[in-house]
Amino acid sequence: MSLFYKHEWDEENKQLTLYINPSEAFYEFAVELAQPKNGSEKKGSLLVLARQYSKQFLPPQTKVNGYRVKFQNFLVAVMKEKQNEAIRESDILDYGYYKVMPDDTLKDICLQLQTKEALVRQENEMQSDTLFVGMELKVPVYRHTVVASDSLHKIAERFDTSKAAIRSMNKLQTDCLCPGMELKIPRRE
């Protein structure tokens, strides 16, 4: 049985929307395919399935710019074709900034954001761990757009980080999220 049971083709944008078979366990799909915690092997598996489906059901030589994967009315993943690779929109590398406060140390900041000191040092071209109050540190992050089914706990689990790190990076006072909200998730590596 195929993971997808139907599709919609957007000719103008050359985008294929695929619908997950309702008999598939949504949780297993989300964990195994859409939200991999490590490695590019699993990350590419959803793209591989989408490409296989498009080869089977679209005319030969059809150029596909991107894929949208839905389960019922929920958008699960958006992938773009780029030099034969997919970039999930939630996995686009970006930068966030952390303003150094009194008594902050690089080690404490990195522990709080759950990122590596070497990564922050490299991104900020730091020769030492010396920080100054008010200094803005560039922190590598992933960008994630909140959807209706998201919670801070789910997002933290998906990106293998903590709720506290996400709250700190985005200056959130609560765990309440609104669909459409852009979050920056500190990168671990």
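Read on for an overview of the structure. The structure presented is a predicted model; accordingly, all values stated were derived computationally and were not measured.

## Description of the overall build of the protein
- Secondary structure summary: the protein contains seven helices and eight strands in total.
- Within the protein, contacts between residues separated by at least 24 positions form 59% of all contacts whose residues are at least 6 apart in sequence.
- A total of about 11600 Å² of accessible surface is found on the protein, and carbon and sulfur atoms cover 49% of it.

## Comments concerning the packing of aromatic side chains
- Applying the stated criterion to the full structure yields three aromatic pairs.
- Between tyrosine 53 and phenylalanine 57 the ring centres are 4.4 Å apart and the planes differ by 35°, which places this aromatic pair in the tilted class. Highlighted residues: tyrosine 53 and phenylalanine 57, both in helix α3 (residues 45-57), separated by four residues, approximately one helical turn.
- Take phenylalanine 57: its relative accessible area is 44%, and that puts it in the partly exposed class.
- Chaining the aromatic ring pairs together yields one cluster made of Phe4, Tyr53 and Phe57.
- Just above the ring of tyrosine 19 sits the side chain of lysine 6; from NZ or CZ to the centre is 4.8 Å.
- Looking at lysine 138, its charged tip hangs above the ring of tyrosine 95, at a distance of 4.5 Å from the centre.

## Comments concerning the pattern of salt bridges
- Within the structure shown, the criterion is met by six salt bridges.
- The residue glutamate 11 makes a salt bridge to lysine 14 at a minimum N-O spacing of 2.3 Å.
- Among the charged side chains, a network of salt bridges with common partners joins Glu117, Arg121 and Asp129.

## With respect to helix α4 (residues 106-113)
- For α4, the full list of buried residues reads Leu106, Ile109, Cys110 and Leu113. Burial along α4 is one-sided: seen end-on, the buried residues are contained in an arc of 95°. Structural note: α4 exposes Lys107 and Leu111 on the side pointing more than 90 degrees away from its buried face.

Procedures and definitions
- Residues numbered from 1 in each chain as written.
- Predicted model: local features only at pLDDT ≥ 70, side-chain atom pairs only at ≥ 80, totals over all residues.
- Heavy atoms only, no water.
- Helix = DSSP H or I, 4+ residues; strand = E, 2+ residues; numbered from the N terminus.
- Contact = heavy atoms within 4.5 Å.
- Areas by Shrake-Rupley, 256 points an atom, 1.4 Å probe, with all protein chains shown as cover.
- Phe/Tyr/Trp six-rings, centres within 6.5 Å; stacked < 30°, edge-to-face > 60°.
- Buried < 20%, exposed > 50% of the residue type's maximum accessible area, 1.4 Å probe, protein only.
- Lys NZ or Arg CZ within 6 Å of the ring centre and 35° of its normal.
- Salt bridge = Lys/Arg side-chain N within 4 Å of Asp/Glu carboxyl O.
- Arc of directions from axis to C-beta.

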